[in-house]
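# Remarks on the overall topology
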Amino acid sequence: MKLIKYGLTLKRLTKEDIELLRIWRNSESVNRFMEYRKYITPEMQEKWFESINNPNNFYYIIIYNDEKIGLINDKGFDRFGKATSEAGLFIAVDKYKNTFVPVLASLILLEVSFFYLGGKDSYIRILKDNISSIKYNTRLGYELCPNQENVENQLYVLTPERFKEKTAELRKAAIKVGGGDPNIYLIWEKEDYDSGLAQESDKLLEEGEIDVPNKWENGNHIWYLADDPDNPNIQKLDPNKANPYKYYEKNK
Ligand SMILES: CC(C)(COP(=O)(O)OP(=O)(O)OC[C@H]1O[C@@H](n2cnc3c(N)ncnc32)[C@H](O)[C@@H]1OP(=O)(O)O)[C@@H](O)C(=O)NCCC(=O)NCCS
């Protein structure tokens, strides 16, 4: 599964990328910003992957100019329950730090969560002394939660309304940076149909209120999620019509 927008690709994490991710995550330049800093073995990584490879968790490798450059995630997302989730991000390739690339990745992740998956509060945890990440995330609209002043790994929250308002201009600029195309392309690949992840999500899009154009190409199913940055589509999902979790449980 891939999401493409703003000239950037977010590729759902698959087994083939977990070793690269492990190397990144164990590196000093990444793990010094994380709460968990012990060495991660290949076995630990596999076990972790099995625990997150399901419809509640969206871990994506960020790809820019055909290069894998980092990870962005939205985890613990119960879309038919509270619909809250926790985001995370790191850029592992130095030359893309302090560029517009991480911002584009954050926009895609949050737009999909808030505008297409019915996401409500998005949380993020940031170590108290990680000043650049605090600055980065507050610019997207995240706010420190109550009673976090004395906590080491502080919790921040962002609502869809605040995101929409805070990033209205930024989302327009991002479309220009990405070449002028306002679409998000959602691409389901063969492996997503094999795992069962794609079928019910397809049904949700087919039966949703918004008519989403789509086509099959070389065995991939491409959905064109057209978006107006001033007036984003808000999909209303009905779990009685389709529910990826149920399908996934059944096919596990
Ligand atoms: C957090 C992280 C992804 C942020 O990326 P970054 O490239 O350092 O982010 P920056 O704040 O420098 O932003 C990059 C550029 O986008 C701009 N920008 C960032 N947010 C913006 C916003 N909301 N609106 C407009 N511009 C924005 C910045 O001004 C900067 O451009 P400039 O260099 O011309 O000033 C990166 O520092 C990282 O990987 N850190 C390690 C892991 C980590 O701390 N993760 C967070 C905890 S989960």
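Residues numbered from 1 in each chain as written. Predicted model: local features only at pLDDT ≥ 70, side-chain atom pairs only at ≥ 80, totals over all residues.

## Considering the overall build of the protein
Each helix and strand counted, the protein has 10 helices and 11 strands in total. Taken against the 2.2 N^0.38 rule, which gives 18 Å for 252 residues, the C-alpha radius of gyration of the protein at 18 Å falls within 12% of a compact globule. Each principal axis of the C-alpha atoms in the protein carries an extent, and together these give about 45 × 45 × 35 Å. When each of the 252 residues of the protein is scored for burial, the buried share is 31%. Residue pairs in contact within the protein that sit at least 24 positions apart in sequence constitute 64% of those at least 6 positions apart. (Helix = DSSP H or I, 4+ residues; strand = E, 2+ residues; numbered from the N terminus. Rg over C-alpha atoms; globule rule 2.2 N^0.38 Å. Buried ≥ 20, exposed ≤ 12 C-beta atoms within 10 Å, placed from the backbone. Contact = placed C-beta atoms within 7 Å.)

## Topic: the site of the ligand
Neighbouring the ligand are 20 residues; F33, F90, I91, S133 and R139 lie closest to it. At the level of elements, β5 (85-91), α4 (101-116) and α5 (131-140) are the ones that each hand at least two residues to the shell around the ligand. The dominant element in the shell around the ligand, judged by the number of residues it contributes, is α5, at six residues. Of the residues in the shell around the ligand, the class split is 11 nonpolar, six polar and three charged. (Near = placed C-beta within 6 Å. Nonpolar A, V, L, I, M, F, W, Y, C, P; charged D, E, K, R; others polar.)

## Focus: the environment of A87
Note on placement: A87 falls in strand β5. Spatially, the C-alpha atoms of A87 and I72 are 7.4 Å apart, while their sequence positions differ by 15 residues. Non-local contacts of A87, meaning those with residues more than four positions away in its chain, are made with N73, D74, L109, S122 and I124.

## What to know about the nonpolar core
Counting 45 residues, the largest nonpolar core has L8, L10, I62, A105 and I108 as its most contacted members. When residues of this core are assigned to their parent elements, the largest contribution, 10 residues, is made by α4. Among all residues touching I62, those that are not within four sequence positions of it are L8, L10, I69, G70, L71, I72 and A105. (Core = buried A, V, L, I, M, F, W, Y, C linked by C-beta atoms within 7 Å.)

## With respect to the environment of K11
Tracing the sequence through the fold places K11 in strand β2 (residues 8-12). The partly exposed category is assigned to K11, around which 18 C-beta atoms lie within 10 Å. With 176 residues separating them in the primary sequence, K11 and I187 have C-alpha atoms 9.5 Å apart.

## As for the pairing of strand β9 (residues 184-188)
When a strand is regular, its side chains alternate between the sheet's two faces. The alternating pattern of β9 places I184, L186 and W188 on a buried face, while none of Y185 and I187, on the opposite face, is buried. Where strand β1 (residues 2-5) lies against β9, three bridges are found, and the strand directions are antiparallel. Looking across to β9, one finds that K2 is bridged to I187. Where β9 lies against strand β11 (residues 220-225), five bridges are found, and the strand directions are antiparallel. Along β11, the bridge assignment pairs L186 with W223. (Pairing = 2+ DSSP bridges.)

Take it as geometry only, folks, not as evidence of what the structure does.
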